[in-house]
Amino acid sequence: NAGVTQTPKFRVLKTGQSMTLLCAQDMNHEYMYWYRQDPGMGLRLIHYSVGEGTTAKGEVPDGYNVSRLKKQNFLLGLESAAPSQTSVYFCASSYSTGYTEAFFGQGTRLTVV
Amino acid sequence: GESVGLHLPTLSVQEGDSAVIKCTYSDSASNYFPWYKQELGKGPQLIIDIRSNVGEKKDQRIAVTLNKTAKHFSLHITETQPEDSAVYFCAASIPGGNEKLTFGTGTRLTIIP
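## A short note on the interface of chain B and chain A
- The interface is formed by 22 residues belonging to chain B together with 21 residues belonging to chain A.
- A buried area of about 1700 Å², summed over both sides, lies between chain B and chain A, and 55% of it is on carbon and sulfur atoms.
- Counting every contact that joins chain B to chain A gives 0 salt bridges.
- Put simply, the parts of the chain that give the side of chain B that touches chain A at least two residues each are β4 (32-38), β5 (45-51), β9 (86-93) and β10 (101-103) of chain B.
- The leading source of residues in the side of chain B that touches chain A is β4 of chain B, at 3 residues.
- In the side of chain B that touches chain A, the residues fall into 9 nonpolar, 9 polar and 4 charged.

Next comes the structure, spelled out in structure tokens:
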């Protein structure tokens, strides 16, 4: 019963470094999402995917890239990290559209110094 | 696009009392309204949702009411318990195209023993 698993759980980056966050789901969901959570800002959508091989921009996509090469995996990349990207990142997946339950991972706390 | 707002960033209630968290939305085309609960160190989890063709939905101690005219919906928790302490997020979804959830900023509910 893994559900949605995010790797890593914590990471500290220096400004300008790159990294990839991995999200894996074992529920055969079509839709996958990446959110960032900041104090007082709630959950903001970075990018999402409606199926294998597809990606789309969300509310705050700048500075991030994503890929969905396999249905079960959704990768979030930071090419050149900036302190403004310090946040908690959540991946989620859902069976269908925004009308169905979204299952969230445990989150990745990223600090950029 | 859709925007979702919560009236209170924090709310404290005595154990056993009721708690009500109100959320507003901007787009009258929105037709799906879930509430998510986020416990410390975890990802959000769906606790109840409502669709626009229904005015109220109840599940044991929690209920959600929808006022489409005023464009707001509320989470009601009765007989509150310490384990109800968490951050609660409302969200809304608009039909058509690639539907996705827009989240509010979250209300931190504290149950006072």
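From this point, the narrative continues.
## Some points on the packing of aromatic side chains
- Summed over the entire model, instances satisfying the criterion amount to 14 aromatic pairs over all chains.
- Aromatic side chains Y35 of chain A and F103 of chain B sit 5.3 Å apart centroid to centroid with 90° between the ring planes, which places their arrangement in the edge-to-face category. Placement of the pair is Y35 of chain A in strand β4 (residues 31-38) and F103 of chain B in strand β10, with the two residues belonging to separate chains.
- Assessed through its relative accessible area of 7%, F103 of chain B is described here as buried.
- With a centroid separation of 6.1 Å and 50° between ring planes, the pair formed by Y25 of chain B and F73 of chain B is classed as tilted. In this pair, Y25 of chain B is assigned in strand β3 (residues 19-25) and F73 of chain B in strand β8 (residues 72-77), connecting sequence segments 48 residues apart.
- Through a chain of ring-to-ring contacts, the aromatic side chains of Y31, Y33, Y35, F90 and F104 of chain A together with Y36, F89 and F103 of chain B assemble into a single cluster.

Rules behind the numbers
- Residues numbered from 1 in each chain as written.
- Chains lettered and ligands numbered in written order.
- Predicted model: local features only at pLDDT ≥ 70, side-chain atom pairs only at ≥ 80, totals over all residues.
- Heavy atoms only, no water.
- Contact = heavy atoms within 4.5 Å.
- Buried area = accessible area lost by both parts, 1.4 Å probe.
- Salt bridge = Lys/Arg side-chain N within 4 Å of Asp/Glu carboxyl O.
- Helix = DSSP H or I, 4+ residues; strand = E, 2+ residues; numbered from the N terminus.
- Nonpolar A, V, L, I, M, F, W, Y, C, P; charged D, E, K, R; others polar.
- Phe/Tyr/Trp six-rings, centres within 6.5 Å; stacked < 30°, edge-to-face > 60°.
- Buried < 20%, exposed > 50% of the residue type's maximum accessible area, 1.4 Å probe, protein only.

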